[in-house]
Amino acid sequence: MTATSIKLPKKYPLESSPLFNLSSKKTLSELLRVDYGLICNFDASKVDGLYKNFLDKKTRRFINEPHGILLNIHKRILILLGRIIHPDYLHSAVKGRSYKTNALAHCGGGGVLKVDIKKFFPSIKFNRIHAFFSDVLHCSPDVSFILARLCSVQSGSARHLPTGSCISPLLSCLANRGLFDAIADMANDRKCTFTLYVDDMTISGEGADGDLLTAISKKIFSYGYGYHKIHVYRDGRALITGLVVQDGKIYLPHSRAKKIFDLIKLMDVTKTCQKEALASLVGRLSEAEQIEGHYRVIRGAVLERYGPVWREVTADRSRAAHRAIARRRPRP
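Overview of the structure. Please read all numbers here as calculations on a predicted model, not as lab measurements.

**Things to note about the sheet that holds strand S8 (residues 227-233)**
Right, so step 1: The strand order across the open sheet built from four strands is S6-S7-S3-S8, with neighbouring strands paired in antiparallel fashion. Either end of the sheet is taken by a strand with one partner, and the two such strands are strand S6 (193-197) and S8. When the angles between neighbouring strand axes are averaged without regard to direction, this sheet yields 15°.
Right, so step 2: As paired elements, strand S3 (residues 111-117) and S8 share five bridges and run antiparallel to each other. Its bridge partner lying in S8, Leu113 is registered against Val232.
Right, so step 3: Contacts from helix H9 (residues 177-189) reach S3, S6 and strand S7 (200-205) within the one sheet, and its direction differs from that of S6 by about 155°.
Right, so step 4: Its contacts with the sheet put helix H10 (residues 210-222) on S3, S7 and S8, and the angle it makes with S8 is roughly 165°.

**A closer look at the side chain of Arg159**
Right, so step 1: Checked against the element boundaries, Arg159 lands in strand S5 (residues 158-160).
Right, so step 2: A polar side-chain atom of Arg159 sits 3.0 Å from a polar atom in the side chain of Asp48.
Right, so step 3: A distance of 2.9 Å separates a polar atom in the side chain of Arg159 from the backbone oxygen of Ser152.

**Remarks on the packing of helix H11 (residues 254-269) against helix H12 (residues 274-288)**
Right, so step 1: The contact between H11 and H12 brings their axes to 9 Å, and the two run at 145°. H12 is crossed by H11, and the crossing has left-handed handedness. Touching Arg256, Lys259, Ile260, Leu263, Ile264, Leu266 and Met267 of H11 are Gln274, Ala277, Leu278, Ser280, Leu281, Arg284, Leu285, Glu287 and Ala288, all from H12.
Right, so step 2: Of the residues assigned to the contact of H11 with H12, the class counts are ten nonpolar, two polar and four charged.

**Topic: the packing of aromatic side chains**
Right, so step 1: Counting across every chain of the model gives seven aromatic pairs.
Right, so step 2: For the ring pair Phe120 and Tyr225, a centre distance of 5.8 Å and an interplane angle of 75° mean the geometry is edge-to-face. Taken together, the residues span a long stretch of sequence, with Phe120 in helix H5 (residues 120-123) and Tyr225 in the loop between H10 and S8 at a distance of 105 residues. Assigned by exposure class, Phe120 and Tyr225 land together as buried.

**Points about the layout of surface pockets**
Right, so step 1: Approximately 630 Å³ is the volume found for the largest pocket.
Right, so step 2: Arg61, Ile117, Lys119, Phe120 and Asp199 are, among the 22 residues lining the largest pocket, the residues nearest its centre.
Right, so step 3: Of all elements in the fold, only strand S2 (62-66), S3, H5 and S8 reach the threshold of two or more residues within the lining of the largest pocket.
Right, so step 4: For the lining of the largest pocket, the class distribution of residues is eight nonpolar, six polar and eight charged.

Calculation notes
- The written sequence of each chain sets the order in which its residues are numbered from 1.
- Predicted model: local features are reported for residues with pLDDT of at least 70 only, side-chain atom pairs are reported and counted for 80 or more only, and whole-chain, interface and lining totals are derived from all residues.
- To get the side-chain values, take all heavy atoms of the structure and skip hydrogens and water.
- Two strands pair under a simple rule: DSSP has to find at least two bridges between them.
- Starting at the N terminus, helices and strands are each numbered in turn, a helix being any DSSP run of H or I of at least four residues and a strand any DSSP run of E of at least two.
- To get an axis, a line is fitted to the C-alpha atoms, and for a helix only the part in contact is used. The angle between two axes follows their N-to-C directions and goes from 0 to 180 degrees.
- The contact criterion used throughout is that any non-hydrogen atoms of two residues lie within 4.5 Å.
- Throughout this description, a polar contact denotes any pair of N or O atoms lying within 3.5 Å of each other; where both atoms belong to protein, one of them has to be capable of donating a hydrogen while the other can accept it, and for residues adjacent in sequence the pair is counted only when both atoms sit in side chains.
- Working rule for handedness: look at the near helix, and if it is turned counterclockwise from the far one by less than a right angle, call the crossing left-handed; if clockwise, right-handed.
- Think of it as three bins: nonpolar holds Ala, Val, Leu, Ile, Met, Phe, Trp, Tyr, Cys and Pro, charged holds Asp, Glu, Lys and Arg, and polar takes everything else, Gly as well.
- Aromatic pairs are defined between Phe, Tyr and Trp rings, using the six-membered ring for Trp, whenever the two ring centres lie within 6.5 Å; interplanar angles under 30 degrees are classed as stacked, those over 60 as edge-to-face, and all others as tilted.
- Three labels apply to residues, based on accessible area from a 1.4 Å probe with only protein chains included: buried if under 20% of the type maximum, exposed if over 50%, partly exposed otherwise in between.
- Cavities and pockets are found on a 1 Å grid laid over the protein atoms alone: a cavity is a set of points where a 1.4 Å probe fits but cannot escape, a pocket is an open set with protein on both sides within 12 Å along at least five of seven lines, and a lining residue has an atom within 4 Å of such a point.
- Grid points are joined across faces, edges and corners, and a volume is the space filled by probe spheres set on the points.

Given below as structure tokens:
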């Protein structure tokens with residue numbers, strides 16, 4: 001590993017990215033903060049061995065999770081790509097934006113259309129990732145190949161964007177900027193608002209109708225993707241990135257509110273798993289109060305009532321954090 005550090009501004013246009021027009025492997029190694037030999041003698045066949053591949057029991061999705069040096073490389077690439085100025089419609093993987101800002105963007109009224117791209121990350125193949133580095137960032141052929149291989153994983157007969165990497169939410173947008181810009185233009189022509197949250201596209205406004213949905217679906221197909229989870233809302237109430245949008249405001253959906261009050265009831269009747277229940281409850285309340293302010297009062301009352309248990313929870317977390325730090329320390 002090299003100690004070389006390159007100071008970069010917080011935000012810059014794509015053309016000012018240190019990756020733009022990059023042709024030097026040595027500079028690439030410095031930017032990624034890895035040994036020059038790893039880049040100079042790049043062995044593409046070893047990249048796939050740096051992924052943990054497993055089936056997520058909860059979502060039933062196959063996950064490709066980088067580890068070791070590849071995880072550090074992905075984190076570094078994310079920092080570099082994250083400093084690029086991104087379009088206003090993007091609300092995922094951008095500092096200061098979130099599922100909440102995504103929902104708030106559609107409080108202006110009118111109809112709402114929602115469309116998801118089907119199996120988005122696995123559908124983004126190596127060639128499209130390579131084209132981003134080669135045709136958009138104008139990296140040299142060898143640098144483009146190295147970056148594209150570092151940012152993709154082999155699955156069956158195809159290489160694609162990994163499903164469990166920190167780079168995938170942002171790189172998925174950048175590699176498909178032409179598609180999303182085109183959809184944003186379609187929405188703008190109809191005086192509608194368009195937002196993107198990973199693969200979740202939402203369009204709202206008086207012009208959000210069937211004709212616009214048809215045009216968007218054709219554009220998605222033209223890029224080789226399929227779509228699903230189509231929702232059309234006309235009654236002034238819509239569910240957008242997990243939040244209810246109604247009458248110009250956002251609310252917690254009933255299912256999430258019910259889970260909070262179920263946990264409060266559980267705290268009153270259980271003694272064996274109070275710490276686990278309280279940790280989950282406080283986490284849910286902390287998130288809920290960012291949506292509806294009155295949950296802050298509820299959280300305060302919960303912490304006051306279960307103060308001793310909460311102190312045990314925080315002590316457990318502190319000990320776990322110290323153990324994790326100790327495991328990462330190199331042994332003499």
